[in-house]
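Report on the structure
Each chain, letter by letter, is given below.
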Amino acid sequence: MLTDLTLTDHEHLPPLRIERLARLNLLVGKNGVGKTTVLEAIGDRPDTRCIEVGPEFHSLCAGRTQAARCDEMTGLVIDRKADTLLMDNIGQGLHHTKVADLWRYWCHAAGEFGLQVFATTHSWNCIKGFATALQENDKVDGMVIRLEDGPYWAARGEMAAVCIDEDDLPIVVRDNIEIR
């Protein structure tokens, strides 16, 4: 499992250091900041065996039972000997009432299969659902990572990663603190 991440030679990103990673990692930030590029860089690492799933899988999971979703995931993990799950735009196309259920599933799957999860979102409902699922699950840890490339960082030729752990995330959600 990755405990931190440093990207220095990526052609589409300024240098980036994420000092802490968790079992579940949700990347947020403004459009074009590089969330998807970070997922791609993780997927390109030789020390990870990745599964990439898109919004169509999320929609499929939302309409199925927990057992059916686990069966599907077990097949993917075993077939690919995966240790890392990458999801771009998680929650896209899902009704807001289903997003927490989706995160509950990924919490379960991460713990059950030893997967490290990296996902991106623009959705406040996805962040709230992530926080809810983490509060209900004491077997996996989670982190929201906000990527920033504002003028301060651009002047330094860098990008920042602000980590919000599972202890601080409920406060962010309760107080509606904008982190996207």
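Structure report, in brief. (Residues numbered from 1 in each chain as written. Predicted model: local features only at pLDDT ≥ 70, side-chain atom pairs only at ≥ 80, totals over all residues. Heavy atoms only, no water.)

With that settled, consider the environment of leucine 27. Mapped onto the secondary structure, leucine 27 falls in strand β3 (residues 24-28). Along the backbone, leucine 27 and valine 144 are 117 residues apart, and their C-alpha atoms lie at a distance of 5.9 Å. Discounting residues that sit within four places of it in the chain, leucine 27 has contacts with Lys35, Val38, Leu39, Ala119, Thr120, Thr121 and Ile145. (Helix = DSSP H or I, 4+ residues; strand = E, 2+ residues; numbered from the N terminus. Contact = heavy atoms within 4.5 Å.)

Our next topic: the nonpolar core. The nonpolar side chains of a soluble globular protein tend to be buried, and buried together. In this structure, Leu24, Leu26, Met87, Ile90, Trp103, Trp106 and Leu169 are the most contacted members of the largest nonpolar core, which totals 35 residues. Among the secondary structure elements, those contributing two or more residues to this core are β3, β4 (50-53), β5 (84-87), α4 (99-113), β6 (116-120), α5 (124-136) and α7 (169-174). Of all the elements, α4 adds the most residues to this core, at 8 residues. Sequence-distant contacts of leucine 169, defined by excluding residues within four places in its chain, comprise Ile127, Phe130, Ala131, Leu134, Val144 and Ile164. Counting 20 residues, the second-largest nonpolar core is a separate cluster that includes Leu7, Leu13, Leu21 and Ile145. (Core = buried A, V, L, I, M, F, W, Y, C linked by side-chain atoms within 4.5 Å. Buried < 20%, exposed > 50% of the residue type's maximum accessible area, 1.4 Å probe, protein only.)

Attention now moves to the side chain of aspartate 165. With respect to the element layout, aspartate 165 can be found in strand β8 (residues 160-165). For aspartate 165, a relative accessible area of 18% translates into the label buried. A polar atom in the side chain of aspartate 165 sits 3.0 Å from the backbone nitrogen of aspartate 168. What aspartate 165 contacts, discounting residues up to four positions off in sequence, is Arg20, Gly142 and Met143. (Polar contact = N/O pair within 3.5 Å; in protein donor to acceptor, adjacent residues only side chain to side chain.)

Further remarks concern α4. With 15 residues, α4 ought to run about 21 Å at 1.5 Å a step, and its terminal C-alpha atoms sit 21 Å apart, in line with that. Within α4 the residues assigned to the buried category are Val99, Ala100, Leu102, Trp103, Tyr105, Trp106, Cys107, Ala109 and Ala110. Backbone geometry just downstream of α4 places glycine 114 in the positive-phi region, at approximately 65°. (Expected span 1.5 Å × (residues − 1).)

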